[in-house]
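Okay, here's what each chain looks like letter by letter:
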Amino acid sequence: MIARTAIRRGLRLVALALAVVVALIGLLAGALRVQFTGDPAAWAKSTGNDALWLGHAWVDGRRTEQDVERLAVRLRATGIKDLYVHAGPFEKDGQLKPDKYPSAGNFVRWARQYLPGLRVSAWLGQKVDGFLDLDDAKSRENVLAGVAAIMKTGFDGIHYNFEPIGDGDREFLDLLDRTRQYTKLLSISTPQIEPYPLIRLPARAILGHDKYWSSGYFREAAERVDQVAIMTYDSFTPLQSLYGGYVVRQATLALDLVPETKQILVGAPAYHDHGVGWSDAAESVAMAAQGAKLALTEHGRRERFGLALYVDFAATEEDWREYTTEWFS
């Protein structure tokens, strides 16, 4: 009898906990849906400060001068100003081997010829959850040596993408500070900003790493660089309207946190292998553009604000159409 009573009590507690979780998810979904309402201002669109992530083929010899010329034809009619071309990754000890980017110099030279005015940054990074240890001083020294070497090939800047960087990581901020001696243009891919209070820690417990940065840490990182590109995808939102609202929320937070002198880039998912079926249907360049427009409308005009398309080798003609119709024009 006592055992039966304890079981019933336990089941009631489980049911209550599930009801609370469902209610919280419902509240979050409702908040995101409300975010994705209203009409964007006519001026809320590309200001010519957008970016594109490019794959490794552009620096390892697979892409030719003719490929760069064709890329230029596509990009001339867009607002893309920055190219982040994958030139890594770093080794486990932080070294960046030159054989990773044998044609980097050629690519930069061709970009100068066919895409004058665009800036080209070396996209460098690595997994830091059990592989590259950025807490190790020697590893950071190796990273900086690699940065110094690759900048000699002619790149305009460095674009870091280390994943996952935990909230409050001081060694990462130290790396950003010290990278400044090698480049005048520094940008980073960042995790998403904690969308609402008390979400970061439960998400960390479930995933085993930080999916979100706190507002305070995001601001600290942004103050050290010229551009922050928020990886505003893999949001786990199941509907287009919820993803659009999620982008509004992320862009709104960034607009409030990042100084006017810095550039904000909202990551737009021009790829279609999220790993979760509903994300392929919910997340799109169009929804990212519409969300960015709504956030910008609410905040007010800002020149240094744009979309960053991820990634060239996965982008379809439909992705490019959505970018030009929903954001650029």
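Nothing here was measured: the structure is a model prediction, and the numbers come from that model. (Residues numbered from 1 in each chain as written. Predicted model: local features only at pLDDT ≥ 70, side-chain atom pairs only at ≥ 80, totals over all residues. Heavy atoms only, no water.)

Focus on the pattern of salt bridges
For step 1, the next point in the chain: Inspection of the entire model under this criterion finds 18 salt bridges.
For step 2, the next point in the chain: The partner of Asp174 in a salt bridge is Arg178, with the nearest N and O atoms 3.6 Å apart. Here Asp174 and its partner Arg178 are both found in helix α5 (residues 170-179), four residues apart, which amounts to about one turn of the helix.
For step 3, the next point in the chain: The class of Asp174 is partly exposed, set by a relative accessible area of 25%.
For step 4, the next point in the chain: Of the charged contacts in the structure, one is a salt bridge between Arg321 and Glu318, with a shortest N-O distance of 2.7 Å. Linking Arg321 with Glu318, this pair stays in helix α11 (residues 317-328), spanning three residues, or about one helical turn.
For step 5, the next point in the chain: Since its relative accessible area comes to 40%, Arg321 is described here as partly exposed.
For step 6, the next point in the chain: With a relative accessible area of 36%, Glu318 lands in the partly exposed category.
For step 7, the next point in the chain: Each of Arg140, Glu141, Asp174 and Arg178 takes part in a single network of salt bridges with overlapping partners. (Salt bridge = Lys/Arg side-chain N within 4 Å of Asp/Glu carboxyl O. Helix = DSSP H or I, 4+ residues; strand = E, 2+ residues; numbered from the N terminus. Buried < 20%, exposed > 50% of the residue type's maximum accessible area, 1.4 Å probe, protein only.)

Points about the packing of helix α10 (residues 285-299) against α11
For step 1, the next point in the chain: Where α10 meets α11, the axes come as close as 8 Å, and the angle between the chain directions of the two elements is 20 degrees. When the axis of α10 is compared with that of α11, the two are roughly parallel. Along this stretch, α10 crosses α11, giving a crossing that reads as right-handed. Contacts between α10 and α11 involve Val285, Ala286, Ala289, Gln290, Ala292 and Lys293 from the first element and Asp319, Glu322, Tyr323, Glu326 and Trp327 from the second.
For step 2, the next point in the chain: The class makeup of the residues in the contact of α10 with α11 is six nonpolar, one polar and four charged. (Axes fitted to C-alpha atoms, helices over the stretch in contact; angles between N-to-C directions. Parallel < 35°, antiparallel > 145°, perpendicular 65-115°, else oblique. Left-handed = near helix turned anticlockwise from the far one by under 90°. Contact = heavy atoms within 4.5 Å. Nonpolar A, V, L, I, M, F, W, Y, C, P; charged D, E, K, R; others polar.)

Quick word on α5
For step 1, the next point in the chain: Buried residues of α5: Phe172, Leu173, Leu175, Leu176 and Thr179, and no others. Buried positions in α5, seen along its axis, are confined to an arc of 155 degrees and lie on one side of it.
For step 2, the next point in the chain: In the core, the buried residues of α5 are packed alongside α4 (137-151), β4 (157-163), β5 (185-190), β7 (212-213) and α7 (215-223).
For step 3, the next point in the chain: Measuring from the side-chain oxygen of the N-cap residue of α5 to the backbone nitrogen of Glu171 gives 3.0 Å; that N-cap residue is Asp169. (Arc of directions from axis to C-beta. Polar contact = N/O pair within 3.5 Å; in protein donor to acceptor, adjacent residues only side chain to side chain.)

What about the environment of Ser329?
For step 1, the next point in the chain: Looking at where Ser329 falls in the secondary structure, it is placed in the segment after α11.
For step 2, the next point in the chain: Separated by 286 residues in the primary sequence, Ser329 and Trp43 place their C-alpha atoms 9.9 Å from one another.
For step 3, the next point in the chain: Ignoring sequence-local partners within four residues, the contact set of Ser329 consists of Lys45 and Thr324.

Considerations on the packing of aromatic side chains
For step 1, the next point in the chain: Enumeration according to the criterion identifies 16 aromatic pairs in this entry.
For step 2, the next point in the chain: Here Trp53 and Trp123 contribute two aromatic rings whose centre-to-centre distance is 6.4 Å and whose plane-to-plane angle is 55 degrees, an arrangement assigned as tilted. A residue pair is termed long-range when its members are at least 10 positions apart, and Trp53 in strand β1 (residues 50-54) and Trp123 in strand β3 (residues 119-127) qualify at 70 residues. Each of the two residues, Trp53 as well as Trp123, counts as buried.
For step 3, the next point in the chain: Between Tyr160 and Phe162 the ring centres are 5.2 Å apart and the planes differ by 40 degrees, which places this aromatic pair in the tilted class.
For step 4, the next point in the chain: Site record: aromatic cluster; members linked through ring pairs are Trp53, Tyr84, Trp123, Tyr233, Tyr271 and Tyr310.
For step 5, the next point in the chain: Here the guanidinium or amino end of Arg63 rests over the ring plane of Trp58, the centre of that ring lying 4.6 Å away. (Phe/Tyr/Trp six-rings, centres within 6.5 Å; stacked < 30°, edge-to-face > 60°. Lys NZ or Arg CZ within 6 Å of the ring centre and 35° of its normal.)

Examining the environment of Gly267
For step 1, the next point in the chain: Mapping Gly267 onto the fold places it in strand β9 (residues 263-269).
For step 2, the next point in the chain: Under the relative-accessibility criterion, Gly267 is labelled buried at 0%.

Let's talk about a nonpolar patch on the surface
For step 1, the next point in the chain: On the surface, Ile206, Leu207 and Phe236 cluster together to form a nonpolar patch covering roughly 320 Å² of accessible area.
For step 2, the next point in the chain: Checked against the element boundaries, Ile206 lands in helix α6 (residues 200-207). (Patch = residues over 30% accessible without salt bridge, like charges linked within 9 Å, V, L, I, M, F, W, Y side chains within 5 Å. Areas by Shrake-Rupley, 256 points an atom, 1.4 Å probe, with all protein chains shown as cover.)

Notes on the environment of Glu220
For step 1, the next point in the chain: Take Glu220: it is sitting in helix α7.
For step 2, the next point in the chain: The spacing of Glu220 and Val258 is 38 residues in sequence and 9.2 Å in space, taken between C-alpha atoms.
For step 3, the next point in the chain: Not counting the four nearest positions on each side in its chain, Glu220 is found in contact with Arg170 and Leu173.

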